[in-house]
There are 2 protein chains.
Amino acid sequence: MTDNYCVIMGGGIGSRFWPFSRESYPKQFLDFFGTGRSLLQMTFDRFAKIIPVENIYVATNEAYFDLMKLQLPELNENQFLLEPSRRNTAPCIAYASYRINACNPNANIIVAPSDHLILKEEEFLHDVQKALDFVRENKALATLGIKPSRPETGYGYIQNSDKMIGEFTKVKTFTEKPNLEIAKVFQQSGEFFWNSGIFIWNVNTILEAFSKLLPDISVRFDLGKHLFNTDKERAFVKEHFAYCPNISIDYGIMEKADNVYMLCVDFGWADLGTWGSLYDLANKDENENAILKNTKVLTYESFRNVIAIDNPGRLVVIEGLEDFIVAESGNVLLICKKDDEQRIKQFVADAQLKFGKEYK
Amino acid sequence: MTDNYCVIMGGGIGSRFWPFSRESYPKQFLDFFGTGRSLLQMTFDRFAKIIPVENIYVATNEAYFDLMKLQLPELNENQFLLEPSRRNTAPCIAYASYRINACNPNANIIVAPSDHLILKEEEFLHDVQKALDFVRENKALATLGIKPSRPETGYGYIQNSDKMIGEFTKVKTFTEKPNLEIAKVFQQSGEFFWNSGIFIWNVNTILEAFSKLLPDISVRFDLGKHLFNTDKERAFVKEHFAYCPNISIDYGIMEKADNVYMLCVDFGWADLGTWGSLYDLANKDENENAILKNTKVLTYESFRNVIAIDNPGRLVVIEGLEDFIVAESGNVLLICKKDDEQRIKQFVADAQLKFGKEYK
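Visitor: Could you give an account of the packing of aromatic side chains, with specific residues and numbers?
Guide: In total, this model carries 46 aromatic pairs over all chains according to the counting rule given. Consider the rings of Phe199(A) and Trp201(A), whose centres lie 5.6 Å apart with planes at 5°: the pair is stacked. Each member of the pair, Phe199(A) as well as Trp201(A), carries the same accessibility label: buried. Ring geometry for Phe17(B) against Trp275(B): centres 5.0 Å apart, planes inclined by 70°, an arrangement best described as edge-to-face. With Phe17(B) in the loop between β1 (4-9) and α1 (39-48) and Trp275(B) in helix α10 (residues 275-281), the pair connects residues that are 258 residues apart, well separated along the chain.

Right, dumping it as structure tokens:
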């Protein structure tokens, strides 16, 4: 039996991909590339190659429980960790850690978002294995830092130091998303890496970190420590989860802990956070249009658009359009400039206000 | 009993309004303005105010018979004149003339397209009445010439003379669509009027004109003269119609006859021939977007677009778009520059070739 566990975090709303992602159907459930598997399912498939299926947990908001069961029928119901309210990543990870600790107090855990794209799977699995081995031997909070391929302003960065344990370097700082000037300096320095949001640790190491750095959370979960992995867990979590502070694991623990180590990796990673990132990654036609989801499309004098139509019978004819997003899904058609996609949240809010919740 | 009759021509395909108009559902059947009545129905409603319903005939391609019956349940089946093949307006009008002649050899007939917009109905009806009275007294082929309100290059023009009978002026020439320079001269001259394609004549006058100017057609129809308005008409027309030359009434008769008279009118007329003409006529929002069919739409920094979505539940969000057509109907979404709409025919042909007849 292995001590290796995996926690896939799949509770986000992903409103930046509206109208494809909806509050009732967030982006992790979407099959953006028309491969037949959603981002969540692809994440599961990857981990299932090196982690026993019974050791894979999926944390999500309880509103998505039905969708989760539908997309991951391989898992038992108790492998879904249901969050009764939205409280960012720290409470989510605390919950997962307490549950896994109750199952196996020697567990080494990899925690990963459900909506990332990874193109070089073999390298990825090799690196994950390395990190799991590392945290079994070292009381470290490990993370994977992605070698930057461009001066990306949409990601946070991790600065490493020259202090090393094996291939792992001690992390100096975590940074916010930089502006373009700074991103260029970061990339050239060779010292800064993209923060993948993927974490690896032994369950004892992370529980100690919670005790020390986020006692508000650990004190509350300690109240029910003996209830995890029993039939009383659900009621306990329902009662206490909402009282946890709304805080990310990055801010609450990783930026403050003194035992954070990073493995520098390069496995074709992308956080599909925006239509723009999707555009960068997708295959393009000869006019640099990214046409997703096997959309039937005819383009004329149209360049550098993202065209995503979630309707198998629909034909889209586009003429004279440049640098736009054309996305249709369900009851919404969105046509907006690629450069202005940060306004989508506003569009969703306006749509809901003016036309009702069914457009959210 | 009145001798006044009306023929509504409703056999066109109207492919320039794709994807709203389809070969299986041409534009005369569409309710562009969301009023609850199609262009055809509005045409019928107008004439029904001054012509007895039993004297109203609708000529159409037999492919549209079911649609016609659905939209005009007020008519008996024998009031639909079914063309077995597409032969332009001259054979269509000949058929209607022979039928009406068999019913009433004193008939005065107004012939009008089914897809025109008329904003000032009272003036229109007044002018039609005037023209029907005129052709009862005079062996004239009358037409209505629209006072040009702008140097329109999308219409043909009629030049009048100073020879008059009452309010009617003798027509000097019919012209093709002019370029902008010439259209400006036409408008300023006061001598040129838009060709409305609306004709008024006594049945004997038009039958004589066919005999004289289009004997190919009249000789053929004369063969079955005694069969019109009997149960043998259908079979006769089916057998002979396809042999008629494909020719317009304008080219075949109006441009050649020496008894053509025009009444100068001004009743808010428009031939809804293109998205552009629809744009010109439609109500606009404060950014000059024309939003048709009660489309639910949110626009941001978008100007002078035509937005037409034939889907009651659909919300469209448009940002940063200027001078485009955004039209969605059935299985097609079209986004193209307003100035390039003459390419739509090509889009339809390409769509059919690449994706199949269901997109035609």
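Next comes the rest of the account.
Visitor: Which residues make up the relation of the copies chain A and chain B, and what are the values?
Guide: Superposition record for chain A on chain B: RMSD 0.1 Å, screw rotation 180°, translation along axis 0.0 Å. Those values place the two copies in the arrangement expected of a two-fold rotation axis.

Visitor: Break down the interface of chain A and chain B for me, citing the residues and quoting the values.
Guide: Each partner contributes to the interface: chain A provides 36 residues, whereas chain B provides 36 residues. Here chain A and chain B share an interface that buries about 3000 Å² over both sides, 59% of which is from carbon and sulfur atoms. Between chain A and chain B we count 6 salt bridges in total. A salt bridge links Arg314(A) to Glu328(B), with the nearest nitrogen and oxygen atoms 2.9 Å apart. At the junction of chain A with chain B, the criterion picks out 24 residue pairs in polar contact (both at pLDDT 80 or more). Looking at the side of chain A that touches chain B, the elements with two or more residues in it are β13 (296-300), β15 (315-319), β16 (324-329), β17 (332-337) and α11 (344-355) of chain A. Looking at the side of chain A that touches chain B residue by residue, the class counts come to 21 nonpolar, 5 polar and 10 charged. Where β15(A) lies against strand β17 (residues 332-337) of chain B, 4 bridges are found, and the strand directions are parallel. The residue bridging Val316(A) from the neighbouring strand is Leu333(B), located in β17(B).

Visitor: Describe the pairing of strand β15 (residues 315-319) of chain B, with residues and values.
Guide: With 5 of 5 residues buried, β15(B) is to be regarded as a mostly interior element. Alternating residues of β15(B) divide into Leu315(B), Val317(B) and Glu319(B) and Val316(B) and Ile318(B), and every residue in both groups is buried.

Visitor: Describe the environment of Tyr5(A), with residues and values.
Guide: All names here are of chain A. Here tyrosine 5 shows up in strand β1 (residues 4-9). On the basis of relative accessibility, which here comes to 3%, the residue tyrosine 5 falls in the buried class. When the C-alpha positions of tyrosine 5 and isoleucine 56 are compared, they lie 5.9 Å apart, and in sequence the two are 51 residues distant. Among residues more than four places away in sequence, those in contact with tyrosine 5 are Ile51, Asn55, Tyr57, Ile100, Cys103, Asn104, Ala107, Asn108, Ile109 and Ile110.

What counts, and where the lines are drawn
Residues numbered from 1 in each chain as written. Chains lettered and ligands numbered in written order. Predicted model: local features only at pLDDT ≥ 70, side-chain atom pairs only at ≥ 80, totals over all residues. Heavy atoms only, no water. Phe/Tyr/Trp six-rings, centres within 6.5 Å; stacked < 30°, edge-to-face > 60°. Buried < 20%, exposed > 50% of the residue type's maximum accessible area, 1.4 Å probe, protein only. Helix = DSSP H or I, 4+ residues; strand = E, 2+ residues; numbered from the N terminus. Least-squares fit on C-alpha atoms with pLDDT ≥ 70 in both. Contact = heavy atoms within 4.5 Å. Buried area = accessible area lost by both parts, 1.4 Å probe. Salt bridge = Lys/Arg side-chain N within 4 Å of Asp/Glu carboxyl O. Polar contact = N/O pair within 3.5 Å; in protein donor to acceptor, adjacent residues only side chain to side chain. Nonpolar A, V, L, I, M, F, W, Y, C, P; charged D, E, K, R; others polar. Pairing = 2+ DSSP bridges.

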